[in-house]
Amino acid sequence: MKNSIWFLICIFSWWFIPIATAQEKSRITQLELGLLGGKSRTLWSEETQNRLNFSISAFHGKEIKPNHYLGIHLGYDNYPDVQLLPIGLGWRGFLGDDVGPKWMGGLNAGFGTTFLEKRERTEWSSTWQEGGVYFHPFLGVTLPAKKGNWALTSSIGFKWQPSSYLEGTHSQSGSRPKIHPFWTRPLLPEGFNSLNKVTTQFQSLSFQVGVLF
Amino acid sequence: MKLLHLNTALLLLASTLLFSCMDEVTSTYTFRTMMPVYLEMKDVRAKSLAPIPAQEIENPGKIYIYKDFLLINEPSKGIHIFDNKNPANPINLSFIPIEGNVDLAINSDILYADNYVDLLAFDISNIRSIRLVNRIEDVFTHLYQHSTGKIITFKDTVLTSDSPRWEYNDMWTVRPGMSLLANMAKASQSYGTGGSMARFTLMDGHLFAVDQSTLRVFDVLSPAEPKFIKPIELGWGIETIFPFNQKLFIGSNRGMHIYDASKPQDPKRIAVYEHVLACDPVVVNEDFAFVTLRSGNFCVNGVNELQVIDIRDPYQPKLTKAYPMLNPHGLGLAENYLYVAEGKHGLKSFNASDVLSIDKNQLEFIQSMKSVDLIPGPNSLIVIGPDGVCQYDYSNPAKLKKLSCIQVAEPIEVS
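Quick caveat, the model's predicted, so the values are computed rather than measured.

A. Summary view of the sheet that holds strand E31 (residues 373-376) of chain B. Residue and element names in this part refer to chain B. Read from one edge of the open sheet, four strands run E31-E32-E33-E34, paired in antiparallel fashion. Of all strands in the sheet, those with a lone pairing partner are E31 and strand E34 (401-407), marking the two edges. When strand polarity is set aside, the average angle formed by the axes of neighbouring strands in this sheet is 20 degrees. Pairing analysis gives five bridges linking strand E32 (residues 381-385) to strand E33 (residues 388-393), with the strands arranged antiparallel. Bridging across to E33, Gly385 finds its partner in Gly388.

Quick look at the structure:
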């Protein structure tokens, strides 16, 4: 929980970036709150449950050509049983007149990390969470404020984001075999007799509102 | 009114859309297992057994010392041959590829090695020109699967399935620790002259070989022409064999069998010393047998101790004293000094001249030397550990001095 709070502070500290950069028009920052809706189910059951999860994201980008911005994306997604911190790249494109509402298209893609999840170890086994590559295209509108250089945004999109729960049984009780990141991990790492990996591909319809400045 | 309907319709549409995406859940279960492998002996026998250039040791098995040579078995693959004139610098000479090989013994320049169900005899009088001189077929018949006439053996394999069961492609596999062959390989991670975990041993012109339940006797009076004499049923759980003074001391996981081998062609059981279920290599001197009991694999009793058994009357072996240990595996006896491989805990040396106070006479405990078995050889104490085969100068048992270590590619796991 403490980690989560710090991360949220981190995300919202981006609010001040445009102030620090004297509100350059060639850069934009977007902060969003959202809901991720979908149906979840367990591995061995056909029963499903609606889920509605909380999501926060921040984007800071630079104009690469008129109405197109490319930048960094950070987020926080609170799924059932796992909290993911997406870190990746984002694109924003705008269509419309200089004044008034505009259409907005966007894409966030990167890797959902699990820094907030703890590894658990017992004498017999170790358990941990892993994230995966996420992909989040969306469409929306921007509604400029009457005063000031900012706008409200609202968007709807699809978010595809995997997360895995791993449980490894130790070859020897009481040992603490090394947990490798997935990109260097052999099929069955040394020190484990078995490794059970349950991967959930969260597929969500996203609805987000935010501010753009 | 129309606006209200529109809003309601939009809300319904939004909520339908919001929960229309279904998460996908998948599971993979990756596990280490012993996969059954079926072989035709005619195919095995057709393969070349000529030595090939030196190979890196992947996973050391039985060890044998002969003259200035050190032979290291690679379980189920063959035998590495080292020139060990200088224990501080053993030189890897060659490798004999023998499928299904677990045990070896040498008698008058003839190397005996098992090749699944067959016993092979190699002439090693010229170590640089080793040649097969004899093959005794179909003697280790326990490896045959009678329904198919094929050999069944097991291969350590990592498999992935979508369910956490010991089943793969409609075929049940075996958990590694529960596999009989795995246990055999585990128990035989080191053998040799004086080795406490040997399954092949030589005495009075005869070769004795034990598997999980049977003692097989071979006449090797004519070394290059071994003759299979007979099998002797011992009961289940046989692990090691140690010869001493025309007797065979056979360690099983329920006790120690003593056989009178004064007529080596026809050994007779004279006593069984029973203990709790445990893995138990044995070494012996004139008066006492030293047995280590440890927990692990099938031996799940939690007992870890060194037992000293009075065998002055071999018909009535009696426990003299038991000493708690950490997780003792193999052991070796050189004169009055006892060396115990304590698994992942290290290597211990004791002065065992007073068998009633061995614990008070611990000379050294090298915790950095994880070990599974050892052989007090003529020039060095050879210790097998998870990281390799190491040799120590043990002229001072209280101060073992490391001479060399042969590194292995796949270190064995020590429980």
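B. Highlighting the sheet that holds strand E21 (residues 255-260) of chain B. All names here are of chain B. Taken in spatial order, the four strands of this open sheet run E19-E20-E21-E22, and their pairing is antiparallel. Both outer strands of the open sheet, strand E19 (238-244) and strand E22 (268-274), are each paired with one neighbouring strand and no more. The sheet shows a mean angle of 20 degrees between the axes of neighbouring strands, direction not considered. Across five bridges, the pairing between strand E20 (residues 247-252) and E21 is antiparallel. The residue bridging Leu248 from the neighbouring strand is Tyr259, located in E21.

C. View of the confidence of the model for chain B. This prediction gives chain B a mean pLDDT of 82; 81% of its residues lie at or above 70. A low-confidence stretch, residues 166-192 of chain B (pLDDT under 50), is modelled with 78 contacts involving residues beyond four sequence positions or located in other chains.

D. Examining the pairing of strand E12 (residues 150-161) of chain B more closely. All names here are of chain B. With eleven bridges connecting them, strand E1 (residues 24-39) and E12 associate as antiparallel partners. Each residue of the ladder has a partner; that of Tyr38, found in E12, is Ile152. As judged from the two bridges shared by strand E11 (residues 144-145) and E12, these two strands associate in the antiparallel manner. Directly across from Gln145, in E12, lies its bridge partner Lys150.

E. A look at the nonpolar core. Residue and element names in this part refer to chain B. Tyr112, Ile250, Ala289, Phe290 and Val383 are the most contacted members of the largest nonpolar core, which totals 85 residues. The biggest single contributor to this core is strand E24 (residues 288-293), with five residues. Other than its neighbours up to four places away in sequence, Ala289 contacts Phe249, Met256, Val282, Val284, Ile309, Ile311 and Pro317.

F. Inspection of the pairing of strand E4 (residues 69-74) of chain B at higher detail. All names here are of chain B. For E4, the buried fraction is high: five of the six residues fall into the buried class. By the bridge criterion, four bridges tie strand E3 (residues 63-66) to E4 in an arrangement that is antiparallel. Each residue of the ladder has a partner; that of Ile63, found in E4, is Ile72. Turn length for the E3-E4 hairpin, with the two strands adjacent in sequence and antiparallel, is two residues, and the turn residue Lys67 shows positive phi of about 50 degrees. In this sheet, strand E5 (residues 78-83) lies alongside E4 in antiparallel orientation, the contact comprising six bridges. Directly across from Asn73, in E5, lies its bridge partner Ile79. Linking E4 back to E5 in an antiparallel pair, the connection comprises three residues, with Ser76 at a positive phi of about 75 degrees.

What counts and how
Residues numbered from 1 in each chain as written. Chains lettered and ligands numbered in written order. Predicted model: local features only at pLDDT ≥ 70, side-chain atom pairs only at ≥ 80, totals over all residues. Pairing = 2+ DSSP bridges. Helix = DSSP H or I, 4+ residues; strand = E, 2+ residues; numbered from the N terminus. Axes fitted to C-alpha atoms, helices over the stretch in contact; angles between N-to-C directions. pLDDT = per-residue confidence, 0-100. Contact = placed C-beta atoms within 7 Å. Core = buried A, V, L, I, M, F, W, Y, C linked by C-beta atoms within 7 Å. Buried ≥ 20, exposed ≤ 12 C-beta atoms within 10 Å, placed from the backbone.

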